[in-house]
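What follows is each chain in one-letter form.
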Amino acid sequence: MNNEFVIGTFNVKNDYKKREPNYINKIKVLIKHIYDNNVCCLGLQEVTNKYSIILKNLITKDYSIYGNYRFKNLKLVEKLNESTKILTKCKVKNSNTIYLSKFPFFPRIMTTLETDDFLFINVHLEFWSKYFRKKELNNLYNYIESNKEKNIILVGDFNTEYNDKHLF
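Every value quoted in this text rests on a predicted model; they were computed, and no experiment measured them.

1. Some words on the packing of helix 1 (residues 23-36) against helix 2 (residues 49-58)
- Orientation of helix 1 relative to helix 2, taken along the N-to-C sense of each, is 50 degrees, at an axis distance of 10 Å. Classified by the angle their axes make, helix 1 and helix 2 are oblique. As helix 1 packs across helix 2, the resulting crossing turns out to be right-handed. On the side of helix 1, the interface is formed by Y23, I24, I27, K28, L30, I31 and Y35, while helix 2 contributes K50, Y51, I54, L55 and L58.
- Tallied by class, residues from the contact of helix 1 with helix 2 come to 10 nonpolar, no polar and 2 charged.

Shown next, in the form of structure tokens:
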């Protein structure tokens, strides 16, 4: 029996400047990787509604997708309305999308997913502003601290270097 538990994180790179991005081929490569490696939980960043719909249509029913969008369902900014989705084949007790900051024009969110065994957290931190990234890391730390009795798995796009003094 294989007790391996495979997790991952992947920024799908929202190419909002293209009028009709070719998501289908990229998603097929992602799904092949998921199946080939028997991925249990995968954090995805920069997922738009169009990307999510195609992913849901192409992946098997063994997987579920969780996470809301930073601008809720506001159609006016659909191309910029990203989410931090979590794709999983685990039995989920609860899932939430939480604001880490409301950086002007581009709020940053994290998605959490709770099972009987662990709390999976997927983040996408601010790139342009070190001030807001530090604030987001502080909010993330407080969230983790409030859930420290749980087994926590943290993934995401931290938009920083490994030696950033705010990470440690």
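Once you've had a look at it, read on.
2. With respect to unusual backbone geometry
- One non-glycine residue, N38, adopts positive backbone phi at about 50 degrees.
- Note on placement: N38 falls in the loop between helix 1 and strand 2 (39-45).
- Of note in the backbone geometry, E46 takes a positive phi value of approximately 65 degrees without being a glycine.

3. What about the nonpolar core?
- The biggest cluster of nonpolar side chains holds 17 residues, and the ones touching the most others in it are I34, L42, L44, Y51, L55 and L87.
- Going through the elements one at a time, helix 1, strand 2 and helix 2 are the ones with two or more residues in this core.
- Sort the elements by how many residues they give to this core and helix 1 lands first, with 5 residues.
- Sequence-distant contacts of L42, defined by excluding residues within four places in its chain, comprise G8, T9, F10, L30, I34, K85, I86, L87 and F120.

4. Comments concerning the environment of D116
- Locating D116 in the fold gives a position in the loop between strand 6 (108-114) and strand 7 (119-124).
- The spatial distance from the C-alpha of D116 to the C-alpha of K150 is 9.5 Å, given a sequence separation of 34 residues.

5. Quick word on the pairing of strand 8 (residues 152-157)
- When strand 7 meets strand 8, the two strands line up parallel, connected through 6 bridges. If you follow V123 over to strand 8, its bridge partner there is G156.
- A crossover connection joins strand 7 to the parallel strand 8 through helix 3 (residues 130-146); in handedness this β-α-β unit is right-handed.

6. Focus on the environment of N122
- Assignment of secondary structure puts N122 in strand 7.
- N122 gets classed as buried once you look at its relative accessible area, which sits at 0%.
- Excluding residues within four positions of it along the chain, N122 makes contact with T9, G43, L44, Q45, T84, K85, I86, I109, M110, T111, V155 and G156.
- Here L44 takes part through its backbone oxygen, which lies 3.0 Å from a polar atom of the side chain of N122.
- For N122, the side chain forms a polar contact with the main-chain oxygen of K85, separated by 2.9 Å.

Thresholds, definitions, all that
- Residues numbered from 1 in each chain as written.
- Predicted model: local features only at pLDDT ≥ 70, side-chain atom pairs only at ≥ 80, totals over all residues.
- Heavy atoms only, no water.
- Axes fitted to C-alpha atoms, helices over the stretch in contact; angles between N-to-C directions.
- Helix = DSSP H or I, 4+ residues; strand = E, 2+ residues; numbered from the N terminus.
- Parallel < 35°, antiparallel > 145°, perpendicular 65-115°, else oblique.
- Left-handed = near helix turned anticlockwise from the far one by under 90°.
- Contact = heavy atoms within 4.5 Å.
- Nonpolar A, V, L, I, M, F, W, Y, C, P; charged D, E, K, R; others polar.
- Core = buried A, V, L, I, M, F, W, Y, C linked by side-chain atoms within 4.5 Å.
- Buried < 20%, exposed > 50% of the residue type's maximum accessible area, 1.4 Å probe, protein only.
- Pairing = 2+ DSSP bridges.
- Right-handed = clockwise from strand over helix to strand, strands pointing away.
- Polar contact = N/O pair within 3.5 Å; in protein donor to acceptor, adjacent residues only side chain to side chain.

These figures come from the coordinates and say nothing about function on their own.
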